[in-house]
Every structure is written in structure tokens, then in C-alpha cells.
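Architecture at a glance
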Amino acid sequence: TGVQTCALPIYVRAYTSSGYIVQTISSTPTNGGESLDPMTTASASSPGVEQFGINLVANTTPAAFGTNPAPQPNSGYAYGTAASGYNTDGLFKYNVGDTIAASTKGIGQTNFTIAYLANISPTSPGGTYTIDQVLVVVATY
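What this report covers is the structure whose coordinates are included nearby. (Residues numbered from 1 in each chain as written. Predicted model: local features only at pLDDT ≥ 70, side-chain atom pairs only at ≥ 80, totals over all residues. Heavy atoms only, no water.)

Applying the stated criterion to the full structure yields three aromatic pairs. Where Phe52 meets Tyr94, the ring centres are 5.0 Å apart and the plane angle is 70 degrees; that geometry is what we call edge-to-face. Linking Phe52 in strand 5 (residues 51-55) with Tyr94 in the loop between strand 7 (81-82) and strand 8 (99-103), this pair joins segments that are 42 residues apart in sequence. Consider the rings of Phe65 and Phe92, whose centres lie 6.0 Å apart with planes at 10 degrees: the pair is stacked. Here the residue Phe65 occupies a position in the loop between strand 5 and strand 6 (70-72), and Phe92 occupies one in the loop between strand 7 and strand 8, the gap between them amounting to 27 residues. In this structure an aromatic cluster arises from ring pairing among Phe52, Tyr94 and Tyr116. Seen from the ring of Tyr79, Lys105 lies directly overhead, with NZ or CZ sitting 4.8 Å from the centre. (Phe/Tyr/Trp six-rings, centres within 6.5 Å; stacked < 30°, edge-to-face > 60°. Helix = DSSP H or I, 4+ residues; strand = E, 2+ residues; numbered from the N terminus. Lys NZ or Arg CZ within 6 Å of the ring centre and 35° of its normal.)

Rendered as C-alpha cells:
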């Protein structure tokens, strides 16, 4: 059994004053016909239990990885935040179609980091698990 963590930086730049939402529409990582089980509610890592989840904040557990959303050039211009369920250190979640980040206003850029957590169980098939992460950003009015 093993715990794998990694982080991927992304950014959203808004040119409308009314905001946006960011949704994930990808399936969980796969290895052939096997898909890792999604963490459908915000939960902590459970080594030895097959699970996959993400969050968009700095984590201290199960390891130090990820960063908090960072408005650019400052919080007076950009207002992006991690969505509920994806905004707590050490808790991870994953549901296809979930809103993972949002902004209610602002013309600017918010830098996000998607923190990924993957655990396998003793019965998870061995091999390489991959994900093609697809995000959709939708302007709100």
C-alpha cells in the first residue's frame, strides 16, 4: 500500500466583473479497466484504502504539499477561492462535475494549485494509474 501526493499549478484570469466557477469533469485515475475510488465526501487520507481526491489549499498532512489560492496582483483585484469540500488542509474530495473553485467578482488572476492524493489498497491492481485532468471554467453573470 502507498500514499502518493503531487500538486499541479493552474491559474484563472477573469475579464468579467461578475466572476466564474471552475469544475472538474475528469474521471479518477485509471490503470487499464481499474479506476481509483473517488473520495465523494471531504475526508482525510487512509493509507491502505483505495481512494483518490483533490483539494486546492496548502496541506500539512499526509505531507506538506499544495498552496493556498493566491490573487494576482492582490486581493483587491482577484477573488478566486477554493470551493467548499476542496478548501481544508488534509481533507480531499473528488466528484465528477463538482465546482472546485469560484469567484463572485473581480478582474484579475488567481493562482491555484490542485493537490492530488491517491492511495491504493492491497487488492488494487499494480501498474501505472493516469488521469487526463479536464477543467471547465464558466463565467457567471
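Under the defined criterion, the tally for this structure stands at one salt bridge. Residue Lys93 pairs with Asp98 through a salt bridge whose shortest N-O separation is 3.8 Å. On the basis of relative accessible area, Lys93 is assigned to the buried category, the value being 17%. A relative accessible area of 19% places Asp98 in the buried class. (Salt bridge = Lys/Arg side-chain N within 4 Å of Asp/Glu carboxyl O. Buried < 20%, exposed > 50% of the residue type's maximum accessible area, 1.4 Å probe, protein only.)

With respect to the helices and strands, Glu50 occurs in the loop between strand 4 (34-35) and strand 5. Buried Glu50, no salt bridge; nearest opposite-charge side chain is Lys93, N-O distance 19 Å. A polar side-chain atom of Glu50 sits 3.3 Å from the main-chain amide nitrogen of Asp37. Separated by 2.5 Å, the side chains of Glu50 and Ser124 make a polar contact. (Lys, Arg positive; Asp, Glu negative; His and termini not counted. Polar contact = N/O pair within 3.5 Å; in protein donor to acceptor, adjacent residues only side chain to side chain.)

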